[in-house]
Amino acid sequence: MKPLIFLPVSVLFLTIAGCGKESDELPVDGRDFDGVQYSDPAPYTGRVIDGYLKNARVWLDLDGDNQFTPGPMEFELASGRTVTLASGEPTAMSGEDGQFSLNTAELVMEPEVGANIDPRAFPLYALALPGKTLEQTRSGDVPVPHAFLLSAAPGVRNITPLTTLARYRRLAALGPFLGSDDSSSLSGLAGINLLRDYVLAEDDRAHAYAQAMARFMASQFPDAYNDLLAEPGSDGTEYYLSREAAFLLGISLVQNAGDVIAAVDSAAQGNYANVDIGLIDLPQVPLELSDPVLLTSQSIYAQPERSDTLPANRSDVLISAKLAFNYSADGRLQSISADGCLAPSMQEIARLVSVNGYMAKLSTQWLPSAALSPQSEIAYSNSGVDERLKFDWAAGTASFETGTTCHQLEGVQPGSTEMGGNPEVTYRWSYNDGALAELVAEIRQQSGTITRTLVPKLSEAPTGFPGYQLKEEGVELESLIYSSAFQDCTIDEEVDVENTAQVVTGFHSYVFSGYEPQPEPFSGLAFEFDTRGDLNRPLRYGFLAPEMSGLSHVDADNGFEWALYYPARTSETPPGGTPNLIQKAYLKSYSSNRACGRMFEDEPSGIYARVDYAYKNLSEYLVELLD
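Keep in mind that what you see is a predicted model, and the values were worked out from it rather than measured.

A. Spotlight on the state of the cysteines. Summed over all chains, the structure comprises 2 disulfides. Disulfide pairing is shown between Cys-341 and Cys-406; the S-S distance is 2.0 Å. Here Cys-341 and Cys-406 share a disulfide; its torsion about the S-S bond, 70 degrees, makes the bridge right-handed. Of the two residues, Cys-341 is situated in the loop between β16 (333-340) and α6 (346-354) and Cys-406 in the loop between β18 (397-402) and β19 (425-432); the sequence distance between them amounts to 65 residues. Given a relative accessible area of 2%, Cys-341 falls into the buried group. In this model, Cys-489 is linked to Cys-596 through a disulfide, with the two sulfur atoms separated by 1.4 Å. Residues Cys-489 and Cys-596 are joined through a disulfide that is left-handed, its torsion about the S-S bond being -55 degrees.

B. Representation of the confidence of the model for the chain within the structure. Averaged over the chain, the pLDDT score is 91; the fraction of residues at 70 or greater is 92%. Note on residues 24-39: pLDDT is under 50 here. Beyond four places in sequence and across chains, it has 28 contacts.

C. View of the sheet that holds strand β2 (residues 53-54). Spatial strand order, β2-β9-β10: 3 strands in an open sheet with antiparallel pairing. Here the strands that pair on one side only, and so sit at the sheet edges, are β2 and β10 (140-143). Direction of pairing for β2 relative to strand β9 (residues 134-137): antiparallel, over a ladder of 2 bridges. Paired with Lys-54 across the strands is Leu-134, a residue of β9.

D. Structural detail: the packing of helix α2 (residues 161-171) against helix α3 (residues 204-220). It is at 8 Å that the axes of α2 and α3 come closest, and there the two elements cross at 75 degrees. It follows from the interaxial angle that α2 and α3 lie roughly perpendicular. Contact residues: α2 offers Pro-161, Leu-162, Thr-164 and Leu-165, while α3 offers Ala-206, Ala-210, Met-213, Ala-214 and Met-217. Of the residues assigned to the contact of α2 with α3, the class counts are 8 nonpolar, 1 polar and no charged.

E. Highlighting unusual backbone geometry. Going from Leu-310 to Pro-311, the amide bond is cis rather than trans, its omega being 10 degrees. Of note, Pro-311 is situated in the loop between β13 (293-304) and β14 (312-313). The residue after Glu-516, namely Pro-517, is reached through a cis peptide bond having omega -5 degrees. Mapping Pro-517 onto the fold places it in the loop between β25 (506-513) and β26 (526-530). One non-glycine residue, Asn-55, adopts positive backbone phi at about 65 degrees.

F. Structural view of the packing of α2 against helix α5 (residues 243-268). Two numbers describe how α2 lies on α5: the axes approach to 9 Å, and their chain directions differ by 100 degrees. The orientation of α2 with respect to α5, classified from their angle, is roughly perpendicular. Within the contact between the two elements, α2 uses Pro-161, Thr-164, Leu-165, Tyr-168, Arg-169 and Leu-171 and α5 uses Ala-246, Phe-247, Gly-250, Ile-251, Leu-253, Val-254 and Ala-257. Looking at the contact of α2 with α5 residue by residue, the classes come out as 10 nonpolar, 2 polar and 1 charged.

G. Summary view of the pairing of strand β3 (residues 57-60). Of the two faces of β3, both are covered, the one formed by Arg-57 and Trp-59 as well as the one formed by Val-58 and Leu-60. Across 3 bridges, the pairing between β3 and strand β6 (residues 91-93) is antiparallel. Paired with Arg-57 across the strands is Met-93, a residue of β6. Sheet topology places β3 next to strand β8 (residues 124-128); 4 bridges connect them, and they run antiparallel. Each residue of the ladder has a partner; that of Arg-57, found in β8, is Leu-127.

H. Seen up close, the sheet that holds strand β12 (residues 158-159). If you walk across this open sheet you meet the 3 strands as β7-β1-β12, and the pairing is mixed. Each end of this open sheet is capped by a strand with a single partner; those strands are β7 (99-102) and β12. In this structure, strand β1 (residues 44-48) lies alongside β12, joined through 2 bridges in parallel fashion. Looking at β12, one finds that Arg-47 is bridged to Asn-158.

I. Spatial organisation of empty space enclosed by the protein. Scanning the entire structure with this criterion turns up 4 cavities of 30 Å³ or more. Volume-wise, the largest cavity comes out at about 100 Å³. Here the element with the most residues in the lining of the largest cavity is strand β11 (residues 148-152); it accounts for 4 residues. The residue inventory of the lining of the largest cavity, partitioned by class, reads 9 nonpolar, 3 polar and no charged.

J. Representation of the side chain of Asp-50 in the model. Tracing the chain through its elements places Asp-50 in the loop between β1 and β2. In this structure Asp-50 is buried but unpaired, with Arg-215 as the nearest side chain of opposite charge at 10 Å. In this view, Asp-50 contacts Glu-135, Phe-148, Pro-161, Tyr-198, Val-199, His-207, Ala-210, Gln-211 and Ala-214; residues no more than four positions away in its chain are not counted.

K. Representation of the nonpolar core. Within the largest apolar cluster, 180 residues are counted, with the highest numbers of intra-cluster contacts made by Leu-372, Tyr-427 and Phe-560. For this core, the leading source of residues is α5, giving 14 residues. Ignoring any residue separated from it by four or fewer positions in sequence, one finds Leu-372 in contact with Ala-302, Leu-310, Met-548, Leu-551, His-553, Val-554, Phe-560, Leu-587, Tyr-608 and Ala-609.

L. View of the side chain of Glu-348. Mapped onto the elements of the fold, Glu-348 is located in helix α6. When near neighbours in sequence (up to four residues on either side) are disregarded, Glu-348 contacts Gln-365, Trp-366 and Leu-367.

M. Expanded view of the environment of Arg-120. As for its position among the elements, Arg-120 is in the loop between β7 and β8. The exposure class assigned to Arg-120 is buried, which follows from its relative accessible area of 18%. The sequence separation of Arg-120 and Glu-460 amounts to 340 residues, and the corresponding C-alpha distance is 61 Å.

N. Structural view of the layout of surface pockets. Reported here for the second largest pocket is a volume of approximately 790 Å³. Along its surface, the second largest pocket is lined by 31 residues, and Gly-51, Glu-135, Thr-137, His-207 and Gln-211 are the ones closest to its centre. Breaking the lining of the second largest pocket down by element, the ones donating at least two residues are β9, β10 and α3. Among the residues forming the lining of the second largest pocket, the class breakdown is 15 nonpolar, 8 polar and 8 charged.

O. Structural view of the pattern of salt bridges. Tallied over the entire structure, the rule returns 25 salt bridges. Arg-47 is the partner of Asp-197 in a salt bridge, and the nearest nitrogen-oxygen pair spans 3.6 Å. One end of the pair, Asp-197, is in the loop between α2 and α3; the other, Arg-47, is in strand β1, and 150 residues separate them in sequence. For Arg-47, a relative accessible area of 22% puts it in the partly exposed group. Across the salt bridge formed by Arg-598 and Glu-601, the nearest N and O atoms sit 2.4 Å from each other.

How each quantity is defined
- Residues numbered from 1 in each chain as written.
- Predicted model: local features only at pLDDT ≥ 70, side-chain atom pairs only at ≥ 80, totals over all residues.
- Heavy atoms only, no water.
- Disulfide = S-S within 2.5 Å.
- Helix = DSSP H or I, 4+ residues; strand = E, 2+ residues; numbered from the N terminus.
- Buried < 20%, exposed > 50% of the residue type's maximum accessible area, 1.4 Å probe, protein only.
- pLDDT = per-residue confidence, 0-100.
- Contact = heavy atoms within 4.5 Å.
- Pairing = 2+ DSSP bridges.
- Axes fitted to C-alpha atoms, helices over the stretch in contact; angles between N-to-C directions.
- Parallel < 35°, antiparallel > 145°, perpendicular 65-115°, else oblique.
- Nonpolar A, V, L, I, M, F, W, Y, C, P; charged D, E, K, R; others polar.
- 1 Å grid on protein atoms, 1.4 Å probe; cavity = no way out; pocket = protein on both sides within 12 Å on 5 of 7 lines; lining within 4 Å.
- Points joined across faces, edges and corners; volume = space filled by probe spheres on them.
- Lys, Arg positive; Asp, Glu negative; His and termini not counted.
- Salt bridge = Lys/Arg side-chain N within 4 Å of Asp/Glu carboxyl O.
- Core = buried A, V, L, I, M, F, W, Y, C linked by side-chain atoms within 4.5 Å.

Printed below as a string of C-alpha cells:
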C-alpha cells in the first residue's frame, strides 16, 4: 500500500524556492544599501513603514520559523559547522521615522570557524504591537489599534505591507513584481516599486494601498495573539504563530490584495492623498491558521473494462468520475465539483453540516460514495464539470446541480444537459441546541417536488457517525439505528497487534431498515473499527441502495458494504492531519458473520467501485488557487 503524500509548508518552501533559503542572489533592483561590507560587525539598518512605525519589534529570521528566536540559539553555517548565537536572532525596536538598527556582531565568525553570517541572506520581520507601536501621521503619532505582521525578502530593508506582498508572491512562485502588462487583479500595482520607501518618495497611491493592506492583515491577525501583545509586559518577542500560520497570513494577503486595491481605487477616485482608509469596506476573510489537512479530490473507479456487469475484478474497473473539493480560506467546504457523476449522500451532507462545513473537524472527513451508472464514465470522457454540490453556509442551504442522467432511480431528473440553470435538488437544515435537528432535500421534478427529510439518531452512535432516519413525504424510506454501544473485541492471538496494518478491535451493532424484503444474507450488521492507540478508524459497514442495485448491469443480491483502507499504522501522521484519513475505499458485496478481533481483510478482488483519496494542507491548496 502506498503511503499518503502531503506537501506541508515546510516542504512547500523548499519546493517553490528550489533550495533551503529564498534566494542566493543579492538585490540588483534599486534597493537602498549602505555600502557596508558585512565582514565587519556593522549594524543592519532599515525602516518599518505603514506610515513610519515607531516601537515595532523587528528581527532577522535566521531559522526560518517566522517568529523571533531568543538565545542561546544554534545555527548551522554553510560549512556544516554549528555555532551558538548567545543573543539569538538580531532584534531591535524601531525608532523615529521607522528606523531600526540590528546589532550583527554575533554574526561575525572567527576565520577558523567559518564565513560570516550575511544578514542580507535572510528575511526581515516587523511586528506592530497594539497600543504600543505608533504610526507617524500628519496629525501626530497614532497608536496602532490591532497587531499585524510585516516581512521583507532577503536583502530588502524596508519592511512594509508592499514588501510583504512581494515576498509572499515570490514564495508562491508568482514572482515579486508586476509589469504594466499584468492582466491580473493586481494590475493596479503596475509601475509601483513595491520595495521602496513610499513615504519618502511621496507616492500617495502606494501609501494608500499599503495602509489598506495593513488594515486587512490586522483583520486576520489572531485575536488571542493580539491580546497577548497588548499586555503591559509584552515586547513582541513572545512565540505564538507557527511557521504555517505566518505563511498562511502572507498567502492570504496575496490572494486578497487585488480586492483590497480595488476597494482603495473605488474610494479614492484618483485622490489617494486624501482617501480615509479607515472608512473603506475591505474584504472580511476568515482564515484557519492551523493549516489543516483537507480532502481535495476523490477518483472514482466504477466502469467495468472487460465485462458489462458489476462487480468486476478490481484491476478491471476504469475511472468514471473525479471529484474536486473546494474550500474557503478558513477550511470550510464550499462545493464539490464532479467530472463525471458524484453520488450526493444526505448522510454525508448531514455529517458535514453537523460541524458547520469544517471538514477537518471530521476525523475521517468525507466517507465514500459512488455513482455506478454507466452514464458517469460517458460524462467523464467529456471534459468539464458535469455535477456540482454547492453550500451556502450563511443561508443554511445547499444545492445539487447535474447535467447527467446518473440519478434517475433516485428521482433526480436533469433540467438540462448544461450546468448553470436551476438546481435539481436543494437542501436546507436546522439546529436544536447547536446540534443538527434535520436535513431536508427537495427534489425538483416535472410533476412536482419530492421532499426527503433526514433526522440524526444519536443513541449509542459512535462519535462522528450518527444513525439516522430518512423519510420521503413523511413515510420512512430507510433508517440506520445503533443497537449497542461500542463492543471491544478479543484480538486473535495470531494477529501482530503492533504491526498489522488494520485490525478489527471493536464494533457497533446496528439495524438497517427499509427496502423490504431485504436480502436474506443482509444480517448481523456491525460498524467495525480499528481503535488501537490513537486510532479511530472505521473499517467496514453494510447498507442497501436500490439506486445502485436497481441498475441493470449491477448484481447485488447480498446488499453492499464499504471496506476502508488507511496508511500503515507506523506511518507518520502529516502535520495538521489525523491518523484516520482514508486512503482507499472499496464498494463490494455485503458479507456477514465476520470474526471480531481479526486482521482486517486484504483489498478485495471483486468490487463495484474503488475510491482513491487525495489530501493537501490548506496552505498548499490556497497557493494552488493563485494565478
